[in-house]
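Letter by letter, the chains look like this.
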Amino acid sequence: MATRSDQILEAAARVIARSGIRGLRVEELAGEAGVSTALIYYYFKDRSGILRGTLEFIIGRAEHYTAERAPDAPPLTPREELEETLLLELQDTVEVRENSAAWGELRASAVFDELLREDLARATLTWGQDVAALLGQVRPMASAAALASAGERLTALLEGLSMRWLCGGIHIDHARALLRDAIDAELAGLG
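Residues numbered from 1 in each chain as written. Predicted model: local features only at pLDDT ≥ 70, side-chain atom pairs only at ≥ 80, totals over all residues. Heavy atoms only, no water.

A.B. asks: How should helix 9 (residues 172-189) be read in this particular structure?
C.D. replies: A turn of α-helix holds 3.6 residues, and therefore any two residues three or four places apart point the same way. For helix 9, which comprises 18 residues, the first-to-last C-alpha distance of 26 Å matches the rise-based estimate of 26 Å (1.5 Å per residue) to within 8%. Where helix 9 is concerned, the buried positions are I172, A175, L179, A182, I183, E186 and L187. Buried residues along helix 9 cover an arc of 130 degrees about the axis, so they all sit on one side. With respect to the buried face of helix 9, the exposed residues turned more than 90 degrees away are D173 and A188. (Helix = DSSP H or I, 4+ residues; strand = E, 2+ residues; numbered from the N terminus. Expected span 1.5 Å × (residues − 1). Buried < 20%, exposed > 50% of the residue type's maximum accessible area, 1.4 Å probe, protein only. Arc of directions from axis to C-beta.)

A.B. asks: Explanation requested: the nonpolar core in the structure shown.
C.D. replies: When a protein is soluble and globular, its nonpolar side chains tend to lie buried together. Residues L29, I40, I50, I58 and L106 are the most contacted members of the largest nonpolar core, which totals 28 residues. Contributions of two or more residues to this core are made by helix 1 (4-19), helix 2 (26-33), helix 3 (37-44), helix 4 (47-67), helix 6 (94-109) and helix 7 (114-138). Here this core takes seven residues from helix 1, the largest share from any one element. Setting aside residues up to four positions removed in sequence, I58 forms contacts with A13, N99, A102, W103 and L106. L82, A150, I170 and L187 belong to the second largest nonpolar core, which has 24 residues in total. (Core = buried A, V, L, I, M, F, W, Y, C linked by side-chain atoms within 4.5 Å. Contact = heavy atoms within 4.5 Å.)

A.B. asks: Explanation requested: helix 7 in the structure shown.
C.D. replies: Counted at 1.5 Å a residue, the expected span for helix 7 with its 25 residues is 36 Å, and the 36 Å between its end C-alpha atoms agrees. Within helix 7, the full set of buried residues consists of L116, D119, L120, A123, G128, V131, A132, L134, L135, G136 and V138. Its side-chain oxygen placed 3.2 Å from the backbone nitrogen of L115, D113 serves as the N-cap of helix 7. (Polar contact = N/O pair within 3.5 Å; in protein donor to acceptor, adjacent residues only side chain to side chain.)

A.B. asks: Quick question: what am I supposed to make of the packing of helix 6 against helix 8 (residues 144-166) here?
C.D. replies: When two helices pack together, their arrangement is given by the angle between their axes and by how far apart the axes lie. Look at helix 6 against helix 8: their axes get within 10 Å of each other, and the N-to-C directions meet at 110 degrees. Classified by the angle between their axes, helix 6 and helix 8 sit roughly perpendicular to one another. The two elements helix 6 and helix 8 cross, and the hand of that crossing is left-handed. For the pair helix 6 and helix 8, the contacting residues are R97, S100, A101, W103, G104 and R107 in the first and E159, S162, M163, W165 and L166 in the second. By residue class, the composition of the contact of helix 6 with helix 8 is five nonpolar, three polar and three charged. (Axes fitted to C-alpha atoms, helices over the stretch in contact; angles between N-to-C directions. Parallel < 35°, antiparallel > 145°, perpendicular 65-115°, else oblique. Left-handed = near helix turned anticlockwise from the far one by under 90°. Nonpolar A, V, L, I, M, F, W, Y, C, P; charged D, E, K, R; others polar.)

A.B. asks: Whenever I open this one, the packing of aromatic side chains confuses me. Can you help?
C.D. replies: For any pair of aromatic rings, the description rests on two quantities: the centre-to-centre distance and the angle between the ring planes. Under the defined criterion, the tally for this structure stands at three aromatic pairs. Each ring, one from Y43 and one from F44, has its centre 6.1 Å from the other, and the planes form 45 degrees; the classification is tilted. Residue Y43 is classed as partly exposed on the basis of its relative accessible area, which comes to 35%. Ring geometry for W103 against W127: centres 6.4 Å apart, planes inclined by 75 degrees, an arrangement best described as edge-to-face. (Phe/Tyr/Trp six-rings, centres within 6.5 Å; stacked < 30°, edge-to-face > 60°.)

This is how it looks when you write it as C-alpha cells:
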C-alpha cells in the first residue's frame, strides 16, 4: 500500500504529465491525490519540494519497471539486459508515458530552476553511468571513458526518441528499432 507521500507524488507525476509544470497547482494536486493542500505542504514544504520529490518518484518508478522480471524467467545475457533495460523506457503504458512526459517537463523547467537543474544533472549522470555499466558487461575490455560516452549517447538518444514518440512524431516501433540500431552501433564502436 502506498504511503500518503507516495500518493501525492504519483498524483504530481500525473498532473505534470498532463498539464506541465506551469499547470501544476497545489489545489489541483490535492484533488488528484485525494488529500488536503495542508498535507502536501506538510510533506513537501513548497512547490520546489514537490518538484524535487516528483523527480525522485519518477526515477524510482523507472528503476522499478526497467528492472522488473518474472522470478521464473531465464537469466538474460548482458546484451539482452542492456537492450531490455533501455527498451523498457519505450513502452506504451500509462506509467511509462507519465514518467517520460513528467521527465521532459522537469527537464525543461530545470533551465530556470538551479536546484532542480542540479538534481536532474545528478539523475542524468547516474542513468548514463548505469547504462555504461551495462555496456561494460557486454564489452568488458572497453575503456571507462568510451563506456561513459556511449552511455551518455544512448540515454540522450532515448530521451529524444521518447519525446518524439510521445508527441506523435514517430511510431513506438520505429523508435524501438532506432534504439536497437544505436545499441548495435555503440557496441560495435566499443570493439
